[in-house]
Amino acid sequence: MFQGITVVAPAKINVGLHVFPKRSDGYHDIESIFTTVNLCDTIEVELIAEKNTCSVACEGMKLPDENTFTAAYKAFCVLTGCDYGCSVKVTKRIPTGGGLGGGSSDASSFIQSIDSLMSTKLNTADLVSIADKVGSDVFFFTHALFADGGKRFRSFCPYAAIVGGRGEDVVQIREREDFSVLLVFPGVGVSTKEAYGLVDAEIEANGFTAQEYSLEEMFARPVREWRFANHFTAPICAHYPQVKAALDMVRDCGADFCDMSGSGSTVFGVFEDRKKALDARDRIGGFFEAVLA
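This write-up is about the structure you can find in this document. (Residues numbered from 1 in each chain as written. Predicted model: local features only at pLDDT ≥ 70, side-chain atom pairs only at ≥ 80, totals over all residues. Heavy atoms only, no water.)

### Some words on the overall build of the protein chain
And then number 1: For the protein chain, the count of helices and strands is 9 helices and 10 strands.
And then number 2: For 293 residues, the compact-globule estimate of 2.2 N^0.38 gives 19 Å, and the protein chain sits close to it at 19 Å.
And then number 3: Overall size of the protein chain, expressed as C-alpha extent along the three principal axes, is 55 × 45 × 35 Å.
And then number 4: With 293 residues in all, the protein chain has 52% of them scored as buried.
And then number 5: When contacts within the protein chain are restricted to residue pairs at least 6 apart in sequence, those whose partners lie at least 24 apart make up 73%.
And then number 6: Averaging the locations of the 28 positively and 39 negatively charged side chains of the protein chain gives two centres separated by 3 Å. (Helix = DSSP H or I, 4+ residues; strand = E, 2+ residues; numbered from the N terminus. Rg over C-alpha atoms; globule rule 2.2 N^0.38 Å. Buried < 20%, exposed > 50% of the residue type's maximum accessible area, 1.4 Å probe, protein only. Contact = heavy atoms within 4.5 Å. Lys, Arg positive; Asp, Glu negative; His and termini not counted. Charge placed at Lys NZ, Arg CZ, Asp CG, Glu CD.)

In structure tokens:
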């Protein structure tokens, strides 16, 4: 009988997302608050007899042979020298390509699962070095899930951080649990490459504007006083009317703050009054998929 483990992989939203001009290496520096929300994929991992094998099954979705799980597995094996095989079963609840970091969160939860199953006892620096081989958002989830000794990847617990660089600079800040977040899915996909291209065009046309407030100080204020902005929101809304319609609807439902997460297409509303959030979910649910997280 082989060992197995079941863990969660939470989604995140971006509260404000400042995008800097493209670097010489093709990446963009960002500055954003990432905070986890209680919408989670479930990852079941089991060690198997076959060596150097990572098989992945995702109900309702066909993954390519090379994916975030296999990339994470290869980076883990190179770092640790382990050759144990594993099988992975993924139950998806986080929409793909929605700006919620689902694939990156899945990869981070998987890495920490095989670390636990194979007793490799990786530290934060080890986990970050693996994240670097997989994807920029994996840095945040690595820190989020490893906080408090790695207990967070077994059950949801909120985590917030200021994220900079291309995602590798993660500084934990005090999380907020005094509001409700409504996630709305407009039903369109936005590629990250396209989104950055639109932002690059806007920076070239209008110039680059530096951020004028402290993210952490703004995040601590009452939600109705937030002045955060996501540089992706305006160009994505201009090109995808469904995203604009969803955002307008969340605003019209009385959200204390609303914006798009990441490079889209998920939009979200933050409500200090949970009943208003529930009412908004019911109202918007007739037009778009809406989840209270």
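### Some points on the packing of helix H1 (residues 68-80) against helix H2 (residues 102-117)
And then number 1: It is the contact of H1 with H2, at a shortest axis distance of 9 Å, that shows an interaxial angle of 40°. For the pair H1 and H2, the crossing hand works out as right-handed. Along its contact with H1, which presents Thr68, Phe69, Ala72, Tyr73 and Phe76, the element H2 presents Gly103, Asp106, Ala107, Phe110, Ile111, Ile114 and Asp115.
And then number 2: In terms of residue class, the contact of H1 with H2 is built from 8 nonpolar, 2 polar and 2 charged. (Axes fitted to C-alpha atoms, helices over the stretch in contact; angles between N-to-C directions. Left-handed = near helix turned anticlockwise from the far one by under 90°. Nonpolar A, V, L, I, M, F, W, Y, C, P; charged D, E, K, R; others polar.)

### Some details on the environment of Thr6
And then number 1: Among the structural elements, Thr6 can be located in strand E1 (residues 4-22).
And then number 2: Taking the C-alpha atoms as reference points, Thr6 and Ile114, separated by 108 residues in sequence, lie 11 Å from one another.
And then number 3: Leaving out residues up to four positions away in the same chain, Thr6 has contacts with Thr42, Ile43 and Glu44.

### Concerning the sheet that holds strand E7 (residues 180-185)
And then number 1: Here we have 4 strands laid out as an open sheet, ordered E8-E9-E7-E10, and antiparallel in their pairing. Here the strands that pair on one side only, and so sit at the sheet edges, are strand E8 (257-260) and strand E10 (289-292). Each strand of the sheet is rotated relative to its neighbour by a mean of 20°, with strand direction disregarded.
And then number 2: Where E7 meets E10, 4 bridges bridge the pair, whose relative direction is antiparallel. In the strand pairing of E10, Leu183 is matched with Val291.
And then number 3: Contacts from helix H9 (residues 274-284) reach E7, strand E9 (267-271) and E10, with the element oriented near 10° to E7. (Pairing = 2+ DSSP bridges.)

### Notes on the layout of surface pockets
And then number 1: What the largest pocket holds in volume is close to 1,100 Å³.
And then number 2: For the lining of the largest pocket, the secondary structure elements donating two or more residues are E1, strand E2 (28-48), H1, H2 and helix H5 (192-206).
And then number 3: In terms of residues, the lining of the largest pocket owes the most to one element, H5, which gives 5 residues.
And then number 4: For the lining of the largest pocket, the class distribution of residues is 17 nonpolar, 21 polar and 9 charged. (1 Å grid on protein atoms, 1.4 Å probe; cavity = no way out; pocket = protein on both sides within 12 Å on 5 of 7 lines; lining within 4 Å. Points joined across faces, edges and corners; volume = space filled by probe spheres on them.)

Read these as layout, nothing more, since geometry by itself doesn't imply function.
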